Amino acid sequence: MFVWVCVMSQGSMPRELACSACWVVARRYAKIMEQTGLSEETIQMGHRLDVNNKVPRKKYRESELRAIEVTEKLCEKRAFRDYQISEFNKTKYFSLSKSHIASTKDSDGYWPHERDVPRMLHNWCSFVLEQYEDEIETLIRKDLDAKAFRKSICKKHTKACKGKSNPNPKPHPIPTSETDATNPTLETQTTKDASVPSEL
């Protein structure tokens, strides 16, 4: 309960939107993991020779360097610039859709147009990263996907999605790059991560 209160106050995220916010961050995490996971290079680990008289090396995908690069990009405000608060069947959620725009106040008493959505998501993401950086870096070093992020961060640690499946009643695809959100065909595209995992 203490963690929940802290996340909600510091991250400035209404309770009913927290789970959806965590899914947005999980999708952002998956996108960066995909981008950084293409490299097959190895990284030198120190300068001392191992038992085989060779300088030890480690896969970049499992390295601290990759973890740092992913976490540095995870909460960039520009990554959230095209999100809005949508509402469907009385459920509010974050989406890139221009339809189903929320028309009622949230639990903090704000109308959707009074919210700076990119800042909301950026602040919430930043606070969660600050609180659970070690856990997130562990996910990165193990090369785990968005499903694992949702299970660990959204459900277990922040508890934002505890007891919930997909928080979005009408899930929409996310942009595949920082500029794809301006693509008018985006709404008709589908992505693997936009689907609803039955076990979550």
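For the structure, see preceding data.
Quantities reported herein were computed from a predicted structural model and do not represent experimental measurements.

## Considering the overall build of the protein chain
Move 1: Looking only at helices and strands, one finds six helices and four strands in the protein chain.
Move 2: Counting from the amino terminus, the protein chain carries its helices and strands in the arrangement α-α-β-β-α-β-β-α-α-α.
Move 3: When contacts within the protein chain are restricted to residue pairs at least 6 apart in sequence, those whose partners lie at least 24 apart make up 62%.

## Quick word on the state of the cysteines
Move 1: Per the counting criterion, the structure on display carries three disulfides.
Move 2: At a sulfur-sulfur separation of 2.1 Å, the disulfide partner of cysteine 22 is cysteine 154. Disulfide cysteine 22-cysteine 154: torsion about the S-S bond near -95 degrees, hence left-handed. With cysteine 22 in helix H2 (residues 15–36) and cysteine 154 in helix H6 (residues 146–157), the pair connects residues that are 132 residues apart, well separated along the chain. Grouping residues by exposure puts cysteine 22 and cysteine 154 together as buried.
Move 3: Each disulfide of the protein chain joins two cysteines, and with those cysteines numbered along the sequence the arrangement is 1-6, 2-5, 3-4.

## Things to note about H2
Move 1: Between the first and last C-alpha of H2 there are 32 Å, a value that for 22 residues agrees with the 32 Å anticipated at 1.5 Å per step.
Move 2: In terms of burial, H2 is largely enclosed, as 17 of its 22 residues are buried.

## Remarks on the pairing of strand S3 (residues 84–88)
Two faces, one strand: in a regular strand the side chains alternate between the faces of the sheet.
Move 1: Within S3, four of the five residues are buried, leaving the element largely enclosed by the surrounding structure.
Move 2: Summarising the sheet, S3 and strand S4 (residues 91–95) pair through five bridges and their orientation is antiparallel. Looking across to S4, one finds that phenylalanine 88 is bridged to threonine 91.

## Description of the packing of aromatic side chains
Move 1: The final tally for this structure, using the stated rule, is one aromatic pair.
Move 2: Judged by centre distance (4.9 Å) and plane angle (35 degrees), the rings of tyrosine 29 and phenylalanine 149 are tilted. Taken together, the residues span a long stretch of sequence, with tyrosine 29 in helix H2 and phenylalanine 149 in helix H6 at a distance of 120 residues.
Move 3: Over the ring of tryptophan 23 we find arginine 150; its NZ or CZ atom is 4.2 Å from the centre of that ring.

## Describing the side chain of arginine 66
Move 1: Here arginine 66 shows up in helix H3 (residues 64–74).
Move 2: Overall, arginine 66 belongs to the buried group, its relative accessible area being 0%.
Move 3: Among the polar contacts made by the side chain of arginine 66, one reaches the side chain of aspartate 143 at a distance of 2.8 Å.
Move 4: Beyond its immediate stretch of four places on either side in the chain, arginine 66 contacts Met33, Thr36, Gly37, Tyr60, Arg61, Ile140 and Asp143.

## A few points about the pattern of salt bridges
Move 1: What the rule picks out here adds up to 12 salt bridges.
Move 2: Linking glutamate 76 and arginine 28 is a salt bridge whose minimum nitrogen-to-oxygen distance equals 3.1 Å. Here arginine 28 lies in helix H2 and glutamate 76 lies in the loop between H3 and S3, a separation of 48 residues in the sequence.
Move 3: Accessibility expressed as a relative area gives 25% for glutamate 76, which makes it partly exposed.
Move 4: Aspartate 106 is the partner of arginine 115 in a salt bridge, and the nearest nitrogen-oxygen pair spans 2.9 Å.
Move 5: Assessed through its relative accessible area of 9%, aspartate 106 is described here as buried.
Move 6: Taken together, the shared-partner salt bridges connect Arg28, Glu76 and Arg78 into one network.

Criteria and thresholds
Residues numbered from 1 in each chain as written. Predicted model: local features only at pLDDT ≥ 70, side-chain atom pairs only at ≥ 80, totals over all residues. Heavy atoms only, no water. Helix = DSSP H or I, 4+ residues; strand = E, 2+ residues; numbered from the N terminus. Contact = heavy atoms within 4.5 Å. Disulfide = S-S within 2.5 Å. Buried < 20%, exposed > 50% of the residue type's maximum accessible area, 1.4 Å probe, protein only. Expected span 1.5 Å × (residues − 1). Pairing = 2+ DSSP bridges. Phe/Tyr/Trp six-rings, centres within 6.5 Å; stacked < 30°, edge-to-face > 60°. Lys NZ or Arg CZ within 6 Å of the ring centre and 35° of its normal. Polar contact = N/O pair within 3.5 Å; in protein donor to acceptor, adjacent residues only side chain to side chain. Salt bridge = Lys/Arg side-chain N within 4 Å of Asp/Glu carboxyl O.

From the geometry alone we can't say anything about function, so treat these as descriptive.
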